[in-house]
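# Reading the structure
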Amino acid sequence: GAVVSQHPSRVICKSGTSVKIECRSLDFQATTMFWYRQFPKQSLMLMATSNEGSKATYEQGVEKDKFLINHASLTLSTLTVTSAHPEDSSFYICSAAGTSHNEQFFGPGTRLTVL
Amino acid sequence: QKEVEQDPGPLSVPEGAIVSLNCTYSNSAFQYFMWYRQYSRKGPELLMYTYSSGNKEDGRFTAQVDKSSKYISLFIRDSQPSDSATYLCAMSKPAGNQFYFGTGTSLTVIP
């Protein structure tokens, strides 16, 4: 399968700071990237869908001004958690899809802890 | 009612056992069915991908889809301790690219 990387793998920050998470598709061009969050022992919750060069589509209940998504190229999408608070602490996972939208390849995830 | 239902377990089996994991769904528009394996603190890894009804086999893994019953299964033969993980089912419709995930079933294979 295709390889998707995420950076950083783990981040600890103070409340009120902003955190940027990068998602890269290493060996294919991802027309669409997805951002999920996952709480312990729970399934993946889709936050937003981003297509290269256009604005992201956010799921209901996800604040677009708090979770800024940029998909500037076919291999890179970024998620910025602005003014992070402890309740934003979670496991954030990206996935990438090529032309076959019914296959998604997941990154290894980023564990965010906000103190 | 959730669109995809999956028993979260936990499920514990002895090494060598046959494992059966299942999901049910309510939306008949789903045509693509996936099984992902997720180790602790890692991203999901695609295991099996099936289109419409039928069976698909890959090594020790067999995926079954019964669209008439809206029921999908993943069978693991000769289970190994390294199979210990959370297994997530996912499905999608032909149009659009949103995935609908089950809650995941936690599996432990005891040596």
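Predicted model only: the values in this text are computed from it and were never measured.

## Thoughts on the interface of chain B and chain A
Accessible area lost upon the coming together of the parts is a frequently used measure of interface size. At the junction of the two partners, chain B supplies 21 residues and chain A supplies 22 residues. Here chain B and chain A share an interface that buries about 1,600 Å² over both sides, 52% of which is from carbon and sulfur atoms. At the boundary of chain B with chain A, the tally comes to zero salt bridges. At the junction of chain B with chain A, the criterion picks out four residue pairs in polar contact (both at pLDDT 80 or more). Of all the secondary structure elements, the ones that give two or more residues to the side of chain B that touches chain A are β4 (32-38), β5 (45-51) and β9 (85-92) of chain B. Broken down by element, the side of chain B that touches chain A gets its largest block of residues, four residues, from β4 of chain B. Residues belonging to the side of chain B that touches chain A are distributed by class as follows: 10 nonpolar, eight polar and three charged.

## Here's the deal with the pairing of strand β5 (residues 45-51) of chain A
When a strand is regular, its side chains alternate between the sheet's two faces. Residue and element names in this part refer to chain A. Buried residues dominate β5, accounting for five of its seven residues. As defined by bridge partners, strand β4 (residues 32-38) adjoins β5 across six bridges and the pair is classed as antiparallel. Residue W35 lies in a different strand from β5, and its bridge partner there is A48. Where β4 folds back onto β5 in an antiparallel hairpin, the turn is made up of six residues, including K41, whose phi is positive at roughly 60 degrees. As judged from the two bridges shared by β5 and strand β6 (residues 57-58), these two strands associate in the antiparallel manner. Note on β6: the bridge partner recorded for T49 is T57.

## Notes on the sheet that holds strand β3 (residues 19-25) of chain B
All names here are of chain B. The sheet built from five strands is open, its strands ordered β1-β3-β8-β7-β6 with antiparallel pairing. Here the strands that pair on one side only, and so sit at the sheet edges, are β1 (4-6) and β6 (54-58). Taken over all neighbouring pairs, the strand axes of this sheet differ in orientation by 15 degrees on average, direction set aside. Relative to strand β8 (residues 71-76), β3 runs antiparallel, the two being bridged by six bridges. Opposite S20, over in β8, you have F75 as the bridge partner.

## Section: the pattern of salt bridges
Residues and elements named next belong to chain B. For the structure shown, the criterion picks out five salt bridges over all chains. A salt bridge links R37 to E45; the shortest N-O distance between them is 3.1 Å. Judged by its relative accessible area of 12%, R37 is buried. The partner of E57 in a salt bridge is R77, and the shortest N-O contact between them spans 3.4 Å. With E57 in strand β6 and R77 in the loop between β8 and β9, the pair connects residues that are 20 residues apart, well separated along the chain.

## Side note on the side chain of D88 of chain A
Residues and elements named next belong to chain A. Relative to the helices and strands, D88 resides in the loop between β8 (76-81) and β9 (90-97). On the basis of relative accessibility, which here comes to 5%, the residue D88 falls in the buried class. A distance of 2.9 Å separates polar atoms of two side chains, one belonging to D88 and the other to K66. Among all residues touching D88, those that are not within four sequence positions of it are R37, K66, F67, V81, S83, L112 and V114.

## Observations regarding the nonpolar core
V4, W35, F67, L79, Y92 and L112 of chain A are the most contacted members of the largest nonpolar core, which has 25 residues in total. Elements that contribute at least two residues to this core include exactly β2 (10-13), β3 (19-25), β4, β5, β7 (67-73), β8, β9 and β11 (110-114) of chain A. Sequence-distant contacts of L79 of chain A, that is, excluding residues within four places in its chain, are made with V19, K20, I21, W35, F67, L68, I69 and Y92 of chain A. Counting 24 residues, the second-largest nonpolar core is a separate cluster that includes Y25, F61, I72 and M91 of chain B.

## Some points on unusual backbone geometry
A cis geometry characterises the amide bond from H7 of chain A onward to P8 of chain A, with omega recorded as 0 degrees. Checked against the element boundaries, P8 of chain A lands in the loop between β1 (4-7) and β2. Geometrically, the link from G9 of chain B to P10 of chain B is a cis peptide bond, its omega value of 5 degrees lying close to zero. Mapping P10 of chain B onto the fold places it in the loop between β1 and β2 (11-14). Even without a glycine there, the phi angle at S83 of chain A is positive, about 45 degrees.

Cut-offs applied
Residues numbered from 1 in each chain as written. Chains lettered and ligands numbered in written order. Predicted model: local features only at pLDDT ≥ 70, side-chain atom pairs only at ≥ 80, totals over all residues. Heavy atoms only, no water. Contact = heavy atoms within 4.5 Å. Buried area = accessible area lost by both parts, 1.4 Å probe. Salt bridge = Lys/Arg side-chain N within 4 Å of Asp/Glu carboxyl O. Polar contact = N/O pair within 3.5 Å; in protein donor to acceptor, adjacent residues only side chain to side chain. Helix = DSSP H or I, 4+ residues; strand = E, 2+ residues; numbered from the N terminus. Nonpolar A, V, L, I, M, F, W, Y, C, P; charged D, E, K, R; others polar. Buried < 20%, exposed > 50% of the residue type's maximum accessible area, 1.4 Å probe, protein only. Pairing = 2+ DSSP bridges. Axes fitted to C-alpha atoms, helices over the stretch in contact; angles between N-to-C directions. Core = buried A, V, L, I, M, F, W, Y, C linked by side-chain atoms within 4.5 Å.

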